Number of protein chains: 2
Amino acid sequence: MSREEYIRFQFSEELRKEVISLIQSRDDDALHVYFDDIHHADIAEVLGELSLDQATYIIKLLDSDTTAEVLMELDEDDREKILENLSAQEIAEEIAELDTDDAADIVAELSLERQLKVMSKIEDLEHKADIQELLKYAENSAGSLMAKELVKVNENWTVTQCVKEMRIQAEFVTRVHSIYVIDDNDRLIGRLSLKDLLVAKPKDFVKSIFIPKVDYVEASDSVEEVSKLMQKYDLEAIPVVDPQKRLLGRITIDDIVDVIKEEAEKDYQMAAGITQEVEADDSIFELVRARLPWLILGLFGGLASVLILQDFEEVMSLPSVKSLFFFTPLVAAMAGNVGVQSSAIIVQGLANDNVKGSLVNRLLKEVGLSLINGLALGTLVVLFGAILNFDVLFSLTVAISMICVIIVAALIGTFVPILLHRRGIDPAIATGPFITTSNDIFGIFLFFMIAKLILQF
Amino acid sequence: MSREEYIRFQFSEELRKEVISLIQSRDDDALHVYFDDIHHADIAEVLGELSLDQATYIIKLLDSDTTAEVLMELDEDDREKILENLSAQEIAEEIAELDTDDAADIVAELSLERQLKVMSKIEDLEHKADIQELLKYAENSAGSLMAKELVKVNENWTVTQCVKEMRIQAEFVTRVHSIYVIDDNDRLIGRLSLKDLLVAKPKDFVKSIFIPKVDYVEASDSVEEVSKLMQKYDLEAIPVVDPQKRLLGRITIDDIVDVIKEEAEKDYQMAAGITQEVEADDSIFELVRARLPWLILGLFGGLASVLILQDFEEVMSLPSVKSLFFFTPLVAAMAGNVGVQSSAIIVQGLANDNVKGSLVNRLLKEVGLSLINGLALGTLVVLFGAILNFDVLFSLTVAISMICVIIVAALIGTFVPILLHRRGIDPAIATGPFITTSNDIFGIFLFFMIAKLILQF
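Residues numbered from 1 in each chain as written. Chains lettered and ligands numbered in written order. Predicted model: local features only at pLDDT ≥ 70, side-chain atom pairs only at ≥ 80, totals over all residues.

## Structural notes on the confidence of the model for chain A
All names here are of chain A.
So, step 1. For chain A, the mean per-residue pLDDT works out to 88, and 97% of the residues sit at or above 70.
So, step 2. Throughout residues 1–6 the model reports pLDDT below 50, and contacts reaching past four residues in sequence, or to other chains, amount to 10 contacts.
So, step 3. Across the interfaces of the predicted complex, the ipTM metric reaches 0.77, alongside a pTM of 0.78. (pLDDT = per-residue confidence, 0-100. Contact = placed C-beta atoms within 7 Å.)

Pasting the structure below:
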């Protein structure tokens, strides 16, 4: 056996051209040689750079045990288009090669009509039944994330019997992780680590060596719960049971890694004012749909400030204070920035379960914090005013009003996410344009009101 | 063996009070009974709710094989304080129980003087040498993340020899994952899956059954690279080698999960204008340090718009156009929101390597997108103007200038992160206050300039 040197895959423009020219000249042998040698994740990367027809050509050319994994690595959009170009029979062949969780994901992406067609072409009846079972679970439930493939042993088996059975079962399981122990009623009663098995005597019974403590989730538990549990206890796989504790499947850490990334990206996008998961390469229409609603919210906020400012129109005719109008964008920006900062810290804290202590203490802390920040910023404003020869009282007024705005903005930014969270609403919604917009309005109003109080106009 | 029922740990206020009263009455037996039965991650959760003295009491009370893991689960701040209350000897005992990667993390958190004291108390010389080696690697390098614990076999061993050696090695390894295969020079040449070992014959040689393809990283590779690689290829562990390909250690997926979370949180915080990793429970001083710099940036932006608006002061004395001033917060908000949206999508795309195609095409797409959004928002502005009896030409002017501002804001939001990325700067810096502030300034200036052009004042 040769000692192949591992070379990290690097996609390049030359490579793309080479593959395209091989496709155009229908040089299937060369394509086989090229693609047989690289990882399915790399093949997916190459396909992502080809046209739909070219990508479909490669998928049809390669064996389904490779292409099934490639399909799983593709963007959902790209995959959808390629699947449209495949027959029900071809899709069924891909699915036959996939673990049940991935297979169910692919089937779920098809139209109902195609789902039926594809399912009817799956020859392995057990695989088919497993996929059908997985399709039943609600989206975002542990059941929808689990795979049926796992290694389980009966408590009444000996180690020898175990190893024999495991050899058979392991054929169908990509990664073994834990070995689950069940009783005669298929109920999960514990686990057996591979390490323990390595050191056990052949005639030992499973019931005398297994670990009776095992973390598990129910199929109806939410994906977020599963994710938190697996992270907290550093689990690489967790078994999924029904209400009678019968073993149904297992969830592995790679699925949870995807969940964590998606959660983080969703929160980030929400903070940026993007309502649904979109990517840079989505269509203009999808991007408009994701972005316009938040902009409309921002617009209404802006129009509200038009009304507020209109109310202070007479300030424009007072030479001593009309400069207040020059400061409205500054005040709005400060209110927005502070609000986003406060809410982001709270939202992350809530997500990580580390917002402790009472609400009052937290709000008091924000007041203290804002006072320090506000005094620093206010000093700069007064300095700026001195340079520009503004009246000292005017500069001081601007600084004081701005400090008040900062404090209120921080309070709103802290209070709103906590309130939403307590009402069971995802607080991430409060970090983006929502908090910016409401803080803009409050900020501008407060700014003029306080200035009016101090300057008596 | 009893069939223990697994009960999910739930922290409660009663529980906290109970633990505190047990500590106050020095009821060590009851505390032992209570804490011996729960997971170390749960113990950490309880300690997080206690005072420093109480937490230290528990740490000193329990066995170091439990408390070492508890220490790893604690907040860095909490851990630091507890470590200050422990003697060098006590810390050394904790460290003896930890895997080398965790041990090195703890040691690295100590002052240099304490590091030396603690290291001198570690009895296991191999463990000590391993920790010393790990401390040498640069922060953020693969070497700094790896553990020395792994299972490796020589290509010239038989399966029987393998299993025997592995039993010994596995004693020190929490999770086996892959078995790495080395040659006589300690060079990594492949891997052996546990599954393969299960089905091999006892007299087979490793060299005849191992898989010669193995992903690996060099100790000097960056943590981000390792994270991308492990995610792309769905790896649960990756070996780390030196430039001569000698096997040094391995990195497991649970460490990468932490990296992914930290990366996502860092980007999110940067977008929210928070410069360093802080948590809701950090001190006011730490929070000020993280938040004030971005606010000062925002302030300078706001002061710049004061100067711009001052330049258009004469508009205030023109009754037909003075209302333009009422729209400045709206325009600034729109410019900011659009810029944040555009940049967030690009930053995420860059992080996930799915920003494809040429820069010109991408900018053109943003123009198209902004035109659609702008027309929708512009229509609303004109409607609003009609309701408020604004002059039609004035409303149209506001709408048109706003559309131009939106297009420019989207272009800046797209262009800046791509430019930063090409220059090797983290583009996440461009999603928050940075883009909002520059777009505020550009937006307001553009708005007044275009309005001046159309309305000829």
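## Quick look at the sheet that holds strand E6 (residues 247–252) of chain B
Residue and element names in this part refer to chain B.
So, step 1. Here we have 3 strands laid out as an open sheet, ordered E4-E5-E6, and mixed in their pairing. Two strands in the sheet have a free side with no partner beyond their single neighbour: strand E4 (217–218) and E6.
So, step 2. With 5 bridges connecting them, strand E5 (residues 237–241) and E6 associate as antiparallel partners. Each residue of the ladder has a partner; that of Val241, found in E6, is Leu247. (Pairing = 2+ DSSP bridges. Helix = DSSP H or I, 4+ residues; strand = E, 2+ residues; numbered from the N terminus.)

## What about the interface of chain A and chain B?
So, step 1. Facing the 101 residues of chain A at the interface are 101 residues of chain B.
So, step 2. Looking at the side of chain A that touches chain B, the elements that each hand over two or more residues are helix H12 (159–170), helix H13 (194–199), helix H15 (223–232), helix H16 (253–271), helix H17 (284–311), helix H18 (328–351), helix H19 (359–387) and helix H21 (433–455) of chain A.
So, step 3. Looking at which element gives the most residues to the side of chain A that touches chain B, the answer is H17 of chain A, with 17 residues.
So, step 4. A class-by-class count of the residues in the side of chain A that touches chain B yields 59 nonpolar, 21 polar and 21 charged. (Nonpolar A, V, L, I, M, F, W, Y, C, P; charged D, E, K, R; others polar.)

## Quick look at the sheet that holds strand E3 (residues 188–192) of chain A
All names here are of chain A.
So, step 1. Spatial ordering of the open sheet is given by E1-E2-E3, a layout of 3 strands whose pairing is mixed. Strands with a single pairing partner mark the edges of an open sheet, and in this sheet they are strand E1 (151–154) and E3. For this sheet the average axis-to-axis angle between neighbouring strands, irrespective of direction, equals 35°.
So, step 2. With 4 bridges connecting them, E1 and strand E2 (residues 179–182) associate as parallel partners. Looking at the pairing, Val151 lines up with Ile179 of E2.
So, step 3. Across the face of the sheet, H12 comes into contact with E1 and E2 while running at roughly 155° to E1. (Axes fitted to C-alpha atoms, helices over the stretch in contact; angles between N-to-C directions.)

## Concerning the domain arrangement of chain A
So, step 1. Domains assigned within chain A are domain 1 (16–144), domain 2 (151–252) and domain 3 (284–455).
So, step 2. When each unit is reduced to the centre of its C-alpha atoms, the spacing between domain 1 of chain A and domain 3 of chain A is 50 Å. (Domains from an automatic or database assignment.)

## Thoughts on the relation of the copies chain A and chain B
So, step 1. In screw terms, the move from chain A to chain B is a rotation of 180° and a rise of 0.0 Å along the axis, fitting with an RMSD of 0.1 Å. Taken together, the rotation and translation relating the two chain copies correspond to the operation of a two-fold axis.
So, step 2. The fraction of interface residues of chain A whose copies in chain B are also interface residues reaches 100%, indicating that both copies meet through the same surface. (Least-squares fit on C-alpha atoms with pLDDT ≥ 70 in both.)

## Describing the nonpolar core
One recurring pattern in soluble globular proteins: nonpolar side chains tend to sit buried together.
So, step 1. Judged by nonpolar contacts, the single largest core of 130 residues is most densely connected at Val331, Met334 and Met402 of chain A together with Val331, Met334 and Met402 of chain B.
So, step 2. Not counting chain neighbours up to four residues away, the residues in contact with Met402 of chain B comprise Val331, Met334, Gly374, Leu377, Gly378 and Val381 of chain B.
So, step 3. By size, the runner-up hydrophobic cluster in this structure holds 75 residues, among which are Leu188 of chain A together with Val153, Val217 and Ile256 of chain B. (Core = buried A, V, L, I, M, F, W, Y, C linked by C-beta atoms within 7 Å. Buried ≥ 20, exposed ≤ 12 C-beta atoms within 10 Å, placed from the backbone.)

## Remarks on unusual backbone geometry
All names here are of chain A.
So, step 1. The backbone of Arg26 sits at a positive phi, close to 50°, despite the residue not being glycine.
So, step 2. For Arg26, the location among the structural elements is in the loop between helix H1 (13–24) and helix H2 (28–36).
So, step 3. For Arg26, a count of 11 C-beta atoms within 10 Å translates into the label exposed.

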